[in-house]
Each structure stands twice: as C-alpha cells, then as structure tokens.
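Reading the structure
Each chain is listed here by its residues.
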Amino acid sequence: MKVAFVYILVFFSTSASLFSQSKFNQFLKPSDTLNTSRRNTVVISEASLATATLLGLNQLWYADYPRSNFKTLNDSGEWLQMDKMGHVFSSYQLGRLGANTLNWAGVSKKDQLLYGSTLGLGFLTAVEFMDGFSEEWGFSWSDMAANAAGTALHVGQELLWQEQRIILKYSFHRTQFAKQRPNKLGNGLAEEFLKDYNGQTYWLSANINSFLKTESIPNWLNLAFGYGADGMLTGDDYDPLFLNQNRTRQYYLSLDIDLTRIKTNSHLLKTLFDVFNVIKLPFPTLELNGDGRIKWHHIYF
C-alpha cells in the first residue's frame with residue numbers, strides 16, 4: 001500500500017510538471033537529438049521530486065513509528081502476494097516514466113534503459129532501506145525481488161522487441177472489507193484505492209497485433225490477464241484475530257486498449273494517453289477463482 005502511494009505521487013507529479021511548462025503541442029514532441037536543456041530539466045525534476053518524496057515519507061509515514069537497527073523480514077506469504085504485485089507494478093511504471101521522459105529529451109536508447117528504466121528500482125530500493133530501519137517494518141528481500149521483476153519486465157521488452165508489447169496495468173473496485181477494518185484497509189475511497197488489496201487487480205495487457213501481425217485486428221486492441229485476491233482482512237493466513245477469513249485468489253481474462261497505440265498527430269493527446277495507460281479499461285471479463293469456480297462479469301474494473 002505504501003509503495004502504491006509513492007508510485008502515484010511520483011508518476012503524476014512528474015507528468016504534471018511537464019504539462020505546466022508549456023501548453024503548446026510542439027513542446028511535448030520528443031526531441032530527435034539530445035536536447036541538453038530538456039535532459040537537465042528531467043534529471044533535476046526527478047531528483048528533486050524523489051528527494052522530496054523520501055523526505056515526505058520520512059515525516060508522514062515513518063515518523064509515527066520507532067526507529068530500529070537495520071533488520072530484514074520475510075513477508076513473502078502475506079496478502080496472497082498482492083502487495084508484491086504492487087511493487088512489480090510501481091517499479092515497472094516508474095521505469096517506463098523514466099525512460100519516456102528521457103526519450104522526450106532526445107537521450108540515446110542505451111541511456112534511456114540505463115538511467116530511465118531503472119528509476120523505479122533505484123527509488124524503491126531507497127524506500128526499502130527506510131523500511132529496514134523502522135520498528136514497524138523491515139527490509140524485505142521479496143519486495144526487492146518484486147521491484148527487480150518490474151524493472152526487468154520493462155528493460156527486457158525493450159531489448160527483445162524495442163517496444164512494450166506487454167504492459168502492466170491496474171484497476172480497482174470498492175469492497176465490503178474496508179468497512180470491517182477501515183484503519184487497515186482504508187477509510188473512504190481515496191484510502192481504499194491504495195490500501196484495500198481486495199479491490200485491486202493487476203493486469204498483464206498484451207498487444208494482440210504485436211504478436212500476430214495481422215491487419216484484421218485493431219492495432220490498439222489488447223488481451224489482458226489479471227490477478228487479484230478476495231476475503232483478506234489481514235496479511236496473515238492464520239491471524240488469531242481473524243480465523244474465519246475466506247481468502248481466495250482470482251484470475252481474470254479480458255480485453256483492453258493500449259492507448260499509446262491510438263494514432264494521433266497531437267503530442268498533447270499522446271502524452272495524456274501515455275499517462276492514463278496505467279489503468280486497465282473496463283471490459284467484459286471471465287474470472288476463475290482459487291476454488292475452481294468460473295464467473296462472468298459483464299463489465300469488470
């Protein structure tokens with residue numbers, strides 16, 4: 001939940017900073033060659049925002065808990081791994097943001113991968129070390145593995161295909177569980193969006209035409225595979241205070257739209273499409289849960 005908060009803050013703040021500099025379409029057009037002024041703007045903006053975010057986390061998140069000597073913990077079994085999916089998602093999307101902003105500045109492809117795609121991994125590693133010095137949490141190697149997986153998903157596709165054929169996306173719906181534990185799962189929509197793992201779904205959205213190479217399918221149409229979980233009031237399967245949890249994994253098959261593949265000459269629209277491409281769009285969806293039951297959703301989000 002914390003890492004999702006960090007990702008949303010960094011992603012939208014950085015995007016907003018680009019919009020605020022100019023309203024002209026030409027400004028948003030990626031540079032064909034290295035634009036030193038743009039590159040410096042990107043580097044300074046991202047470094048400043050990352051520093052401010054870490055300082056803010058230190059005051060708003062960690063200040064309420066005692067400090068400790070550096071320690072590690074094994075939380076790989078908690079929340080049916082939904083928190084780990086949040087780490088993969090955040091690392092992937094922050095890396096995508098880092099690479100795209102450097103591309104806008106005309107930075108070489110190699111440097112986009114080295115310094116842009118690793119933005120999420122570097123930033124989330126710093127957050128993980130802050131966890132390590134907190135009495136409430138601890139440095140989690142499974143979190144670090146998830147962070148590395150998100151970065152690898154982005155870098156690997158660029159090296160293999162020179163494009164993102166498979167995009168990691170997010171969707172959310174409200175559930176009954178937050179009302180039962182609002183202090184843990186969120187009190188109100190804004191908190192539930194970040195804290196209620198029961199309402200979160202993470203998607204691998206694969207572009208169909210990138211693999212089939214056919215003109216009969218729209219270039220923007222994707223096939224999406226989702227993962228979620230339900231029935232969780234706590235992270236622990238055997239929490240003595242919540243012995244009657246009906247914890248269930250959920251797997252989804254749906255369609256989706258890759259907004260970045262919609263053709264337009266407007267760089268403003270291209271930028272907006274890129275920003276909002278983190279969200280899985282509502283579509284009819286087939287669900288298979290951990291009990292082997294199949295359920296059809298006319299519209300799922």
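Being a predicted model, the structure only gives us computed values, none of them experimental.

1. A closer look at the sheet that holds strand E6 (residues 248–257)
Either a parallel or an antiparallel arrangement is found when strands of a sheet pair, and the pairing is made through backbone hydrogen bonds. The antiparallel open sheet is built from six strands, whose spatial order is E3-E4-E5-E6-E7-E8. The open sheet has two edge strands with one neighbour each: strand E3 (166–172) and strand E8 (294–300). The average undirected angle you get between the axes of adjacent strands in this sheet is 25°. Pairing of strand E7 (residues 283–289) with E8, which is carried by five bridges, proceeds in the antiparallel orientation. Bridged to glutamate 287 within E8 is lysine 295. Against the sheet, helix H3 (residues 82–104) engages E3, strand E4 (200–207) and strand E5 (221–230), with an angle of about 125° to E3.

2. As for the environment of valine 275
Assignment of secondary structure puts valine 275 in helix H11 (residues 267–276). Remark: the alpha-carbon pair of valine 275 and leucine 259, spanning 16 residues in sequence, is separated by 9.3 Å.

3. Brief notes about the nonpolar core
Counting 21 residues, the largest nonpolar core has Met82, Phe89, Leu185 and Met232 as its most contacted members. Beyond its immediate stretch of four places on either side in the chain, methionine 82 contacts Tyr197, Gln200, Tyr202, Tyr227, Gly228, Ala229 and Met232.

4. With respect to the environment of serine 171
By the secondary structure assignment, serine 171 is in strand E3. Residues serine 171 and valine 278 lie 107 residues apart in sequence; the distance between their C-alpha atoms is 8.8 Å. When sequence neighbours within four positions are dropped, the list of residues in contact with serine 171 reads Gly199, Gln200, Thr201, Trp203, Lys280, Tyr300 and Phe301. A polar contact is formed between the side chain of serine 171 and the side chain of tryptophan 203, at a distance of 2.9 Å.

5. A look at helix H5 (residues 119–132)
Over its 14 residues, H5 extends 20 Å from the first C-alpha to the last, a length consistent with the 20 Å expected when each residue adds 1.5 Å. Regarding H5, the residues found buried are Gly120, Phe123, Leu124, Thr125, Val127, Glu128, Met130, Asp131 and Gly132.

6. Side note on the confidence of the model for the protein
Detailed reading of the predicted coordinates is not advisable wherever pLDDT falls low. Chain-level statistics for the protein give a pLDDT mean of 90 and a share of 92% at 70 or above. Counting interchain partners and residues more than four positions distant, the pLDDT-below-50 stretch residues 18–22 has ten contacts.

7. Quick notes on the packing of H3 against helix H4 (residues 109–116)
Helix packing for two helices is described by the angle between their axes and how far apart those axes are. Across the interface, H3 lies against H4 with an axial gap of 8 Å and an inter-helix angle of 145°. Both H3 and H4 take part in a crossing whose hand is right-handed. Contact residues: H3 offers Leu94, Gly95, Gly98, Ala99, Leu102 and Asn103, while H4 offers Asp111, Gln112, Tyr115 and Gly116. Class assignment of the residues belonging to the contact of H3 with H4 gives a composition of four nonpolar, five polar and one charged.

8. Here we look at the pairing of E5
Across the ten residues of E5, seven count as buried, placing the element largely inside the fold. Both E4 and E5 contribute to a ladder of seven bridges, which runs antiparallel. Within E5, the residue paired with leucine 204 across the bridge is phenylalanine 225. As defined by bridge partners, E5 adjoins E6 across ten bridges and the pair is classed as antiparallel. Among the inter-strand pairings, leucine 223 is bridged to a residue of E6, identified as leucine 255.

9. Focus: the pattern of salt bridges
Tallied over the entire structure, the rule returns twelve salt bridges. Put simply, arginine 165 and glutamate 163 hold a salt bridge, and the shortest N to O gap is 2.9 Å. Owing to a relative accessible area of 13%, arginine 165 belongs among the buried residues under this scheme. Classification of glutamate 163 as partly exposed rests on a relative accessible area of 22%. Through salt bridges with shared partners, a single network forms among Asp75, Asp83, Lys84 and Asp143.

10. What about the packing of aromatic side chains?
As enumerated under the stated definition, the model contains 19 aromatic pairs in all. Residues phenylalanine 70 and phenylalanine 139 carry aromatic rings whose centres are separated by 5.6 Å and whose planes lie at 50° to one another, so their mutual orientation is tilted. Of this pair, phenylalanine 70 sits in the loop between helix H2 (36–62) and strand E1 (72–73) while phenylalanine 139 is found in strand E2 (residues 139–140), placing the two residues 69 residues apart along the sequence. Here phenylalanine 70 falls in the partly exposed class, since its relative accessible area comes to 34%. On the basis of relative accessible area, phenylalanine 139 is assigned to the buried category, the value being 4%. Between phenylalanine 89 and tyrosine 170 the ring centres are 5.8 Å apart and the planes differ by 40°, which places this aromatic pair in the tilted class. Of this pair, phenylalanine 89 sits in helix H3 while tyrosine 170 sits in strand E3, and the two are 81 residues apart along the sequence. The class of phenylalanine 89 is buried, set by a relative accessible area of 7%. For tyrosine 170, a relative accessible area of 7% corresponds to the buried category. The rings of Phe70, Phe129, Phe133, Phe139 and Trp141 are connected pair by pair, giving a single aromatic cluster. Here the guanidinium or amino end of arginine 165 rests over the ring plane of phenylalanine 211, the centre of that ring lying 5.3 Å away.

Rules of the game
Residues numbered from 1 in each chain as written. Predicted model: local features only at pLDDT ≥ 70, side-chain atom pairs only at ≥ 80, totals over all residues. Heavy atoms only, no water. Pairing = 2+ DSSP bridges. Helix = DSSP H or I, 4+ residues; strand = E, 2+ residues; numbered from the N terminus. Axes fitted to C-alpha atoms, helices over the stretch in contact; angles between N-to-C directions. Contact = heavy atoms within 4.5 Å. Core = buried A, V, L, I, M, F, W, Y, C linked by side-chain atoms within 4.5 Å. Buried < 20%, exposed > 50% of the residue type's maximum accessible area, 1.4 Å probe, protein only. Polar contact = N/O pair within 3.5 Å; in protein donor to acceptor, adjacent residues only side chain to side chain. Expected span 1.5 Å × (residues − 1). pLDDT = per-residue confidence, 0-100. Left-handed = near helix turned anticlockwise from the far one by under 90°. Nonpolar A, V, L, I, M, F, W, Y, C, P; charged D, E, K, R; others polar. Salt bridge = Lys/Arg side-chain N within 4 Å of Asp/Glu carboxyl O. Phe/Tyr/Trp six-rings, centres within 6.5 Å; stacked < 30°, edge-to-face > 60°. Lys NZ or Arg CZ within 6 Å of the ring centre and 35° of its normal.

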